[in-house]
Amino acid sequence: MPHTDSVFAFVDIETTGSRAELDRITEIGILTLDSDGVSEWSRLINPDTYIPKNIQHLTGITPEMVATQPPFSEIANALYMELKDKIFIAHNARFDYSFIKAEFKKVGIDFSPKVLCTVKLSRRLFPNQARHNLDTLIAVHGLHVANRHRALDDAKLLYDFWQECIRLFGLDRLQTEVDYLLGSSSLPVHIDKALVEEIPSRPGVYMFYAENRQPLYIGKSIDLRARVKGHFHAALTNRKEMKIAMQIRDIDWIETAGELGALILESRLIKEKLPTFNVKLRRSKDLCAWQLIESTEHLQLQLVNHQDLEPGKQDNLYGLFYNKREALASLQSIAKKNQLCEAILGLEKRQGQGACFGFHVKQCNGACIGLEPAAIHNLRLKTALLKLKVASWPYQGAIAIHEGDDLHLFDHWCYLGTAANEAEVEELLSDGRPEFDLDIYKIIRKTLKKTKDLGLRVTALEFPQNRHEAVEFP
């Protein structure tokens, strides 16, 4: 057999569901192959939770069968000794391994064996075969199983498939494939190790795709290869990463000059492609902010909607909210916390000139009926809003941030584009009014605070002539 000094554990588990962090194991079956031959180990486990009806019908394992069985914590040490120093082999091994690792973690046992997936082995040895699930292997290779979806019987099935691979390809070929797969054991089933090794260890953006090139996830990193591999390692214990790993079919990437370029590109691509697992950076057409108006005795607040929003050009903007409801909720919270008058702020309608409702329940100091001077109310309002104030643009016009050979152009918190030469700078400066984007605002604010630490240089550009100062190009 391959690796004559290795011991192989063919493992299968039955569970109450598909989520390793929430569902529990009901049965474990292990068939061990070593120089002495084969041995078996199996246990029913009390999951200490309900077994759904559909799972009962699939596996035949009922609550009555596990009620008197030990919980995982009681068999953990015995199981660990059974698996210790063995190569862990399972079909879609990520699933079985993640459950067992999670259970071991709960009892303080670190379990990190070498893992071999027989789905990947089947794909390597039978590349023209359309499907590689266990039922397909049974049909294609004429395998026999006594009780499908029972742990030990399915573990025996993996051993029989292993023996069939030896019969068809010989020990040397199987040894080669095992060596290859053990070197990429954390990779998803449909992702080849060679593709991952092509990814550069440079800054940029990576894109995960599901079937039919549907965008699954987009991310950025200063080390693309390490970050992508990190996703796949995390998939062994993290539910979201596991979902991504199970659906991923392809990977693309775009290199950038540095981290700033990667952040900008990630934000743009997520808004364009709307990948399934990215939510935070999606575009908001309902973005709005409060603007303080000094047109009456009492300061007033006016909601500025997305189409009219020009942070950095408009004075007295407070808060940047994804929608009107969030803006109103925030202002109402500030009013209650600081005993500001909700009627004056436009949050409450009142009849005539009487006191607002907040005054009657001691949540307003009486500005609405003159008990609190307007100047005092105005000062307290400004103070309460201070943390929400949108930063003023610290330049007279547009700027260029130098990152490697790239020039990232910004004006009043808006991203104009990235230029590689003087002609492109002129073109970007003359393109008209850019759209404000909250994510870009956050990126550029953070970047401008630490340009020296990041090794970046800022060049201010002259406006309105659209002529830039001496900008150095490579």
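J.: Which residues make up unusual backbone geometry, and what are the values?
T.: Here Asp85, not a glycine, exhibits a phi torsion of approximately 65°, which is positive. Using a relative accessible area of 68% as the deciding quantity, one classes Asp85 as exposed. Of note, the phi angle at Asn212 is positive, near 60°, even though the residue is not glycine.

J.: Please set out the packing of helix α6 (residues 134-141) against helix α7 (residues 151-182) residue by residue, giving values where relevant.
T.: The geometry of α6 relative to α7 is characterised by a closest axis approach of 11 Å and an angle of 45° between their N-to-C directions. Of the possible angle classes, the one that applies to α6 and α7 is oblique. Note on packing geometry: the crossing formed by α6 with α7 is left-handed. Judged by residue contacts, Leu134, Leu137, Ile138 and His141 of α6 engage Asp154, Leu157, Leu158, Phe161, Glu164 and Leu168 from α7. Grouping the constituent residues of the contact of α6 with α7 by class yields seven nonpolar, one polar and two charged.

J.: Talk me through the sheet that holds strand β7 (residues 215-221); I want residue IDs and the actual numbers.
T.: Spatially, three strands are ordered β7-β6-β8 in an open sheet, and the strand pairing comes out antiparallel. At either end of the open sheet lies a strand with only one pairing partner, and these are β7 and β8 (250-255). When strand polarity is set aside, the average angle formed by the axes of neighbouring strands in this sheet is 20°. Two elements, strand β6 (residues 204-209) and β8, share six bridges in a ladder whose sense is antiparallel.

J.: Tell me about the side chain of Asp153, and please be specific about residues and values.
T.: Here Asp153 lies in helix α7. Lacking a salt bridge, the buried Asp153 has Lys156 as its closest oppositely charged neighbour, with an N-O distance of 4.4 Å.

J.: Describe in detail the pattern of salt bridges, supporting the description with residues and values.
T.: Scanning all chains against the criterion turns up 26 salt bridges. Note that Glu27 is salt-bridged to Arg150, the shortest N-O span being 2.8 Å. Of the two residues, Glu27 is situated in strand β2 (residues 25-34) and Arg150 in the loop between α6 and α7; the sequence distance between them amounts to 123 residues. The buried category is assigned to Glu27, whose relative accessible area is 8%. Asp135 serves as the salt-bridge partner of Arg148, at 2.9 Å between the closest nitrogen and oxygen. Here Arg148 is found in the loop between α6 and α7, whereas its partner Asp135 is found in helix α6, with 13 residues between them in sequence.

J.: Account for the confidence of the model for the protein chain, naming residues and giving values.
T.: With 95% of its residues at a pLDDT of at least 70, the protein chain reaches an overall mean of 89. Taken together, the stretch residues 463-470 has pLDDT below 50 and engages in 19 contacts with residues farther than four places along the chain or on a different chain.

J.: I'd love a proper account of the nonpolar core, names of residues and values included.
T.: Formed by 26 residues in total, the largest nonpolar core has its most connected members in Ile28, Phe72, Leu79, Leu83, Phe88 and Ile100. The set of elements that each furnish at least two residues to this core consists of β1 (8-15), β2, α3 (72-83), β4 (87-90), α4 (93-106) and β5 (115-117). Excluding anything up to four places from it in sequence, Ile100 contacts Val11, Ile13, Ile25, Phe72, Leu79, Leu83, Phe88 and Phe111.

J.: How would you sum up the sheet that holds β1? Please name residues and give values.
T.: Overall, mixed pairing links the five strands, which are arranged β3-β2-β1-β4-β5 in an open sheet. Bordering the open sheet on either side are β3 (37-44) and β5, each of which pairs with just one other strand. Direction aside, the axes of adjacent strands within the sheet are offset by 25° on average. Each of β1, β2, β3 and β4 touches α3; the most contacted strand, β2, lies at about 15° to it.

J.: I'd like a rundown of the packing of α3 against α4, residues and numbers included.
T.: Relative orientation of the contacting elements α3 and α4 amounts to 120°, with a least axis distance of 10 Å. Between α3 and α4, the interaxial angle falls into the category oblique. Between α3 and α4 lies a crossing whose hand is left-handed. Seen from α3, the contacting residues are Phe72, Ala76, Leu79, Tyr80 and Leu83; seen from α4, they are Ile100, Glu103 and Phe104. Looking at the contact of α3 with α4 residue by residue, the class counts come to seven nonpolar, no polar and one charged.

The rules we used
- Residues numbered from 1 in each chain as written.
- Predicted model: local features only at pLDDT ≥ 70, side-chain atom pairs only at ≥ 80, totals over all residues.
- Heavy atoms only, no water.
- Buried < 20%, exposed > 50% of the residue type's maximum accessible area, 1.4 Å probe, protein only.
- Axes fitted to C-alpha atoms, helices over the stretch in contact; angles between N-to-C directions.
- Helix = DSSP H or I, 4+ residues; strand = E, 2+ residues; numbered from the N terminus.
- Parallel < 35°, antiparallel > 145°, perpendicular 65-115°, else oblique.
- Left-handed = near helix turned anticlockwise from the far one by under 90°.
- Contact = heavy atoms within 4.5 Å.
- Nonpolar A, V, L, I, M, F, W, Y, C, P; charged D, E, K, R; others polar.
- Pairing = 2+ DSSP bridges.
- Lys, Arg positive; Asp, Glu negative; His and termini not counted.
- Salt bridge = Lys/Arg side-chain N within 4 Å of Asp/Glu carboxyl O.
- pLDDT = per-residue confidence, 0-100.
- Core = buried A, V, L, I, M, F, W, Y, C linked by side-chain atoms within 4.5 Å.

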